[in-house]
Amino acid sequence: MTTGAAALAAPPVAARRRRFGRRAAMPGLGLTLGISLLWLGLLVLLPIAAVMARSLGLGPAHFAQVAFSDRALAAYRLSFGAALAAAAINGVFGLLIAWVLVRYRFPGRRFASALVDLPFALPTAVAGIALTAIYAGKGIVGGPLASVGIKLAYNPAGVVLALIFIGLPFVVRTVEPVLADLGQDIEEAAATLGAGRLAVFRRVLLPEIMPALLTGFALAFARGVGEYGSVIFIAGNMPYKSEIAPLLIVTQLEQFDYEGATAIAAVMLVVSFAMLVVINLIQARERRWRDPS
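Bear in mind that the values here come from a model prediction, so they are computed numbers and not experimental data.

1. Points about helix α8 (residues 124-135)
- Under the 1.5 Å per step criterion, the end-to-end length of α8 is 16 Å for 12 residues, consistent within 8% with the ideal 16 Å.
- Burial in α8 covers these residues: Ala 127, Gly 128, Leu 131 and Thr 132. Viewed along the axis of α8, the buried residues span an arc of 130°, placing them on a single side of the element.
- Buried residues in α8 make contact with α10 (156-181) and α13 (229-235).

Structure representation (structure tokens):
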């Protein structure tokens, strides 16, 4: 009787094997975690620490003088403001493009999908030259617009235009898989209950899409803040008007003012990190609201 009870109490052989004898495809937690932290430390934390250490070596007074000068503040406003505006525009039109690519079948769909990835493959300098040629005062698009008083190139509007170009794929490719997983059955069920198209989108689809949309927005914003190659050709690079912060950093480096360059870079690093933390907190709150368990 005791032997039978012990046999019943013992876990099945398969369960014991799953618990103790199963070999993972990757090494154990300690080794993989150590390699991951070492890799992140060498590629991410070490350069960031070097920038912060070099900037803190200036002293508070010199740091504030360089990092918060009128020219630097104007560059910050343009870089972060243009990146925020471009990411918001990409959030709207990126969602629309992803919706069309997922929900509709039409001739040239694969070609249109390939065009979305073009900013990933195209060198940023080439993109900047192409945008300038098109939207400058004598370009095929910029010429007619300039005749009615709308100037895109060599203005802050040109910076936003370049950042829209390089940031669009982040939103489309982030939202697209989520839309693909959302079958049309939930839309049809909501429609049978009397919900209109706007109500279906606002109350059924948008809550499901929102975390991915915020992720694409954050990626496009982060890329836009640090973008350099595609912007300098179309911006005009005029101090206090169309000069971005990355260009100001390069200017400081060309003048061998390494401390000033690291001070500006440190401010951009802190502000960018703070904004990304806020976006991640919004995403986490959205996920908790959708799945309270």
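From this point, things continue past the structure.
2. Some thoughts on the packing of aromatic side chains
- Counted according to the given criterion, the structure contains 4 aromatic pairs.
- Measuring from centroid to centroid gives 6.3 Å for Phe 63 and Phe 68, while their planes differ by 75°, and the two rings are edge-to-face.
- Judged by relative accessible area, Phe 68 falls into the partly exposed class, the value being 43%.
- Where Phe 256 meets Tyr 258, the ring centres are 6.4 Å apart and the plane angle is 75°; that geometry is what we call edge-to-face.
- Of the residues examined, Phe 256 reaches a relative accessible area of 62% and is grouped as exposed.

3. Some details on the side chain of Ser 230
- Residue position: Ser 230 is located in helix α13.
- On the basis of relative accessibility, which here comes to 0%, the residue Ser 230 falls in the buried class.
- Contact partners of Ser 230, with chain neighbours within four places excluded, come to Thr 124, Ala 127, Gly 128, Ala 162 and Ile 166.

4. Considering unusual backbone geometry
- With a phi angle near 60°, Tyr 154 is a residue other than glycine that sits in the positive phi range.
- With respect to the element layout, Tyr 154 can be found in the loop between α9 (142-147) and α10.
- On the basis of relative accessible area, Tyr 154 is assigned to the partly exposed category, the value being 39%.
- Its identity as a non-glycine residue notwithstanding, Phe 256 has a phi of 60°, on the positive side.
- Summarising the element assignment, Phe 256 is placed in the loop between α14 (245-254) and α15 (258-290).

5. Brief notes about the packing of α10 against helix α12 (residues 197-226)
- Look at α10 against α12: their axes get within 8 Å of each other, and the N-to-C directions meet at 155°. The angle between α10 and α12 places the two elements in the roughly antiparallel class. Two packed elements cross with a definite hand, and for α10 against α12 that hand is right-handed. Seen from α10, the contacting residues are Leu 163, Ile 166, Gly 167, Phe 170, Val 171, Thr 174, Val 175, Val 178 and Leu 179; seen from α12, they are Glu 208, Ile 209, Ala 212, Leu 213, Thr 215, Gly 216, Phe 217, Leu 219, Ala 220, Arg 223 and Gly 224.
- In the contact of α10 with α12, the residues fall into 13 nonpolar, 5 polar and 2 charged.

6. Quick word on α10
- The end-to-end C-alpha separation of α10 is 38 Å, in line with the 38 Å expected for 26 residues at 1.5 Å each.
- When the local axis directions of α10 are compared, the greatest deviation, roughly 40°, occurs at Gly 167, which is followed within four positions by the proline Pro 169.

7. A look at the side chain of Thr 174
- In this structure, Thr 174 sits in helix α10.
- On the basis of relative accessibility, which here comes to 19%, the residue Thr 174 falls in the buried class.
- One polar contact links the side chain of Thr 174 to the main-chain carbonyl oxygen of Phe 170, over a distance of 2.5 Å.
- Those residues within four positions of Thr 174 in sequence are excluded, and the remaining contacts are Ala 212, Thr 215, Gly 216 and Leu 219.

8. A few points about the pattern of salt bridges
- Considering all chains together, one arrives at 4 salt bridges under this definition.
- Here Glu 176 and Arg 173 are joined by a salt bridge, their closest N and O atoms 2.5 Å apart. Placement of both Glu 176 and Arg 173 in helix α10 is noted, with a separation of 3 residues, approximately one turn of the helix.
- According to the relative accessible area criterion, Arg 173 is partly exposed, its value standing at 23%.
- A single network of salt bridges, built from pairs that share partners, joins Asp 117, Arg 173 and Glu 176.

Parameters and conventions
Residues numbered from 1 in each chain as written. Predicted model: local features only at pLDDT ≥ 70, side-chain atom pairs only at ≥ 80, totals over all residues. Heavy atoms only, no water. Helix = DSSP H or I, 4+ residues; strand = E, 2+ residues; numbered from the N terminus. Expected span 1.5 Å × (residues − 1). Buried < 20%, exposed > 50% of the residue type's maximum accessible area, 1.4 Å probe, protein only. Arc of directions from axis to C-beta. Contact = heavy atoms within 4.5 Å. Phe/Tyr/Trp six-rings, centres within 6.5 Å; stacked < 30°, edge-to-face > 60°. Axes fitted to C-alpha atoms, helices over the stretch in contact; angles between N-to-C directions. Parallel < 35°, antiparallel > 145°, perpendicular 65-115°, else oblique. Left-handed = near helix turned anticlockwise from the far one by under 90°. Nonpolar A, V, L, I, M, F, W, Y, C, P; charged D, E, K, R; others polar. Bend = angle between axes of the 7 residues up to and from the residue. Polar contact = N/O pair within 3.5 Å; in protein donor to acceptor, adjacent residues only side chain to side chain. Salt bridge = Lys/Arg side-chain N within 4 Å of Asp/Glu carboxyl O.

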